[in-house]
Structure formats: structure tokens, C-alpha cells
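Close look at the chain arrangement
Listed here are the chains, written in short residue letters.
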Amino acid sequence: AQSVTQLDSQVPVFEEAPVELRCNYSSSVSVYLFWYVQYPNQGLQLLLKYLSGSTLVKGINGFEAEFNKSQTSFHLRKPSVHISDTAEYFCAVSDQRNTPLVFGKGTRLSVIA
Amino acid sequence: DTAVSQTPKYLVTQMGNDKSIKCEQNLGHDTMYWYKQDSKKFLKIMFSYNNKELIINETVPNRFSPKSPDKAHLNLHINSLELGDSAVYFCASSFHGEETQYFGPGTRLLVL
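Everything numeric in this text was worked out from a predicted model, so none of it was measured.

Some words on unusual backbone geometry
Geometrically, the link from Thr 7 of chain B to Pro 8 of chain B is a cis peptide bond, its omega value of -5° lying close to zero. The topology assignment puts Pro 8 of chain B in the loop between β1 (4-7) and β2 (10-13). Phi angles above zero are rare outside glycine, and Asn 61 of chain A is one such case at about 60°. With respect to the secondary-structure elements, Asn 61 of chain A resides in the loop between β7 (56-58) and β8 (64-68).

With respect to the sheet that holds strand β3 (residues 19-25) of chain B
Residue and element names in this part refer to chain B. The four strands lie next to each other as β1-β3-β8-β7, forming an open sheet whose pairing is antiparallel. In this open sheet, the two strands that pair with only one neighbour each are β1 and β7 (64-70). Going across the sheet, the axis of each strand differs from the next one's by a mean of 20°, ignoring polarity.

Quick look at the pairing of strand β4 (residues 31-37) of chain B
Residues and elements named next belong to chain B. Extensive coverage of β4 is indicated by the burial of six of its seven residues. In this structure, β4 lies alongside strand β5 (residues 43-50), joined through seven bridges in antiparallel fashion. Residue Thr 31 lies in a different strand from β5, and its bridge partner there is Asn 50. Count of turn residues in the β4/β5 antiparallel hairpin: five residues, of which Lys 41 carries a positive phi of about 75°. Note: β4 against strand β9 (residues 87-94), seven bridges, orientation antiparallel. Its bridge partner lying in β9, Met 32 is registered against Ser 93.

Let's talk about the interface of chain A and chain B
At the junction of the two partners, chain A supplies 21 residues and chain B supplies 24 residues. In total, chain A and chain B occlude about 1900 Å² of area from one another, counting both sides; carbon and sulfur atoms represent 56% of this. Where chain A packs against chain B, one counts zero salt bridges. Where chain A touches chain B, the interface holds six residue pairs in polar contact (both at pLDDT 80 or more). Counting only elements with at least two residues in the side of chain A that touches chain B, the list comes to β5 (32-38), β6 (44-50) and β10 (87-94) of chain A. Class assignment of the residues belonging to the side of chain A that touches chain B gives a composition of ten nonpolar, seven polar and four charged.

Quick word on the state of the cysteines
All names here are of chain A. In the structure shown here, the tally under the stated rule is two disulfides over all chains. At a sulfur-sulfur separation of 1.9 Å, the disulfide partner of Cys 23 is Cys 91. Taking the sign of the S-S torsion, about -65° here, the bridge from Cys 23 to Cys 91 comes out left-handed. Of the two residues, Cys 23 is situated in the loop between β3 (19-21) and β4 (24-25) and Cys 91 in strand β10; the sequence distance between them amounts to 68 residues. Side by side, Cys 23 and Cys 91 carry an identical accessibility label, which is buried.

What about the environment of Gly 53 of chain A?
Looking at the element boundaries, Gly 53 of chain A is found in the loop between β6 and β7. Remark: the alpha-carbon pair of Gly 53 of chain A and Phe 67 of chain A, spanning 14 residues in sequence, is separated by 9.9 Å.

Things to note about the side chain of Ser 68 of chain B
All names here are of chain B. Assignment of secondary structure puts Ser 68 in strand β7. Within polar-contact distance, the side chain of Ser 68 engages the backbone oxygen of Asp 70 at 3.1 Å. Of note is the side chain of Ser 68, whose polar atom sits 2.9 Å from the backbone oxygen of His 73.

A few points about the pattern of salt bridges
Residue and element names in this part refer to chain A. Counted by the stated rule, this structure contains seven salt bridges over all chains. Between Asp 85 and Lys 78 there is a salt bridge, and its shortest N-O distance comes to 2.8 Å. With respect to burial, Asp 85 and Lys 78 carry one shared label: buried.

Parameters at a glance
Residues numbered from 1 in each chain as written. Chains lettered and ligands numbered in written order. Predicted model: local features only at pLDDT ≥ 70, side-chain atom pairs only at ≥ 80, totals over all residues. Heavy atoms only, no water. Helix = DSSP H or I, 4+ residues; strand = E, 2+ residues; numbered from the N terminus. Pairing = 2+ DSSP bridges. Axes fitted to C-alpha atoms, helices over the stretch in contact; angles between N-to-C directions. Buried < 20%, exposed > 50% of the residue type's maximum accessible area, 1.4 Å probe, protein only. Contact = heavy atoms within 4.5 Å. Buried area = accessible area lost by both parts, 1.4 Å probe. Salt bridge = Lys/Arg side-chain N within 4 Å of Asp/Glu carboxyl O. Polar contact = N/O pair within 3.5 Å; in protein donor to acceptor, adjacent residues only side chain to side chain. Nonpolar A, V, L, I, M, F, W, Y, C, P; charged D, E, K, R; others polar. Disulfide = S-S within 2.5 Å.

Next comes the structure, spelled out in C-alpha cells:
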């Protein structure tokens, strides 16, 4: 069964600084990878996804992620964070279409003014 | 024009009660899911329906019973609520042949 590890439960960062949120998944023949964001007391919003093709994926709000098959990683990055990026970020994986997502435990990003 | 909606958004109830949470999607999707997010923010699949038929049922107590009257709706009925059922329940949907799931806003259930 698939599994996802988000190595950092909390990441504090100063406003306008760069950030990287780490995600590793258990290996499979093929995977679909996702990052979702959950703002306080809200639902999950899709940030970006990797299905196939280019390993560098760009998403909304200036975020991007890079799929690294050899390291089984899908780290999320942003070159300059804003206060409004404060939220919980979830990495998720599935190995087939229309199968439930397996989520990591989330990383709480706190942006400090 | 909400894509995936859930009602109610908040639900506070006593132990032992029976309650239902409703989910509707207007995306034309044919697969729907229920996820549970516990107090530590961990998200886990509960059920998955495709074309109104149950295809995945994770280890969930029998007190939880999903019902899908049509492809656009997936409701969750919970009998004899327990303190441990307190959580946020998310509905999601996807289209057969596509990988992306779209989530509802969540229902925050508190059992007293």
C-alpha cells in the first residue's frame, strides 16, 4: 500500500523568505502526486499535481513542486512567502485513477511578519 | 456555483444520537468519497462510491453508513454517535479516468 511521509510537522518562516515543504512517498510503478492546502477552518484546495511529463510542476499562488523518482520525493517550494500562505499543507498520492488518495500527516506552515 | 458542497458545516450533538451529513457535487463526476480528518489533522479515506455503488469501505464501524441516491449525492449517516467520532468529515469527487479529486468545505462534527 502507498504511504506518504511529510518530514516536518511545522515550518515557521519569515515573510518574503523562501520555503520548502518536504514530501516522500513509498515507491510504486507509477504514481500521481498532489499537494493540497487547507486554510484555517476551511476545506482542501488543490495547489498542484504531478501526473506525468515534466518533473517540475507549477501550481497556484506561486508554488511549485519537483517530482524526483530516484528519491521518491515531491517537495513543495515557494521563493517568497506571504502572511496569507499560513496554512496546513498536505501531500497526497494515488497509484491509479479513481482510487482514494493517501495523505501525509500535513505540514503546518507559519509565516511570520 | 459551488462545485462540492456539504451540509451542515458544523454539527454539535450528544453521544448516542444519530446524525446525517449530506454531500452534493455539480461537476458531473461519477465517483465520490468520504474522508475523515482527526484532531491531529490526519486525513484518511472512509468510503468510495462509483456510479452509486460502494467500491471501497475501509475499516469503519458499522455505525457509519453511506448512501448514494444518485451520482451527484453521497450522504453519510452515523448511528449511536461516540466521542471519538468528533472530527472533520470531507466529501470529495472525481471523474472516472481522471486523477484529481475535488473536496468539499468539510463538516465539523463535535460529539459531547
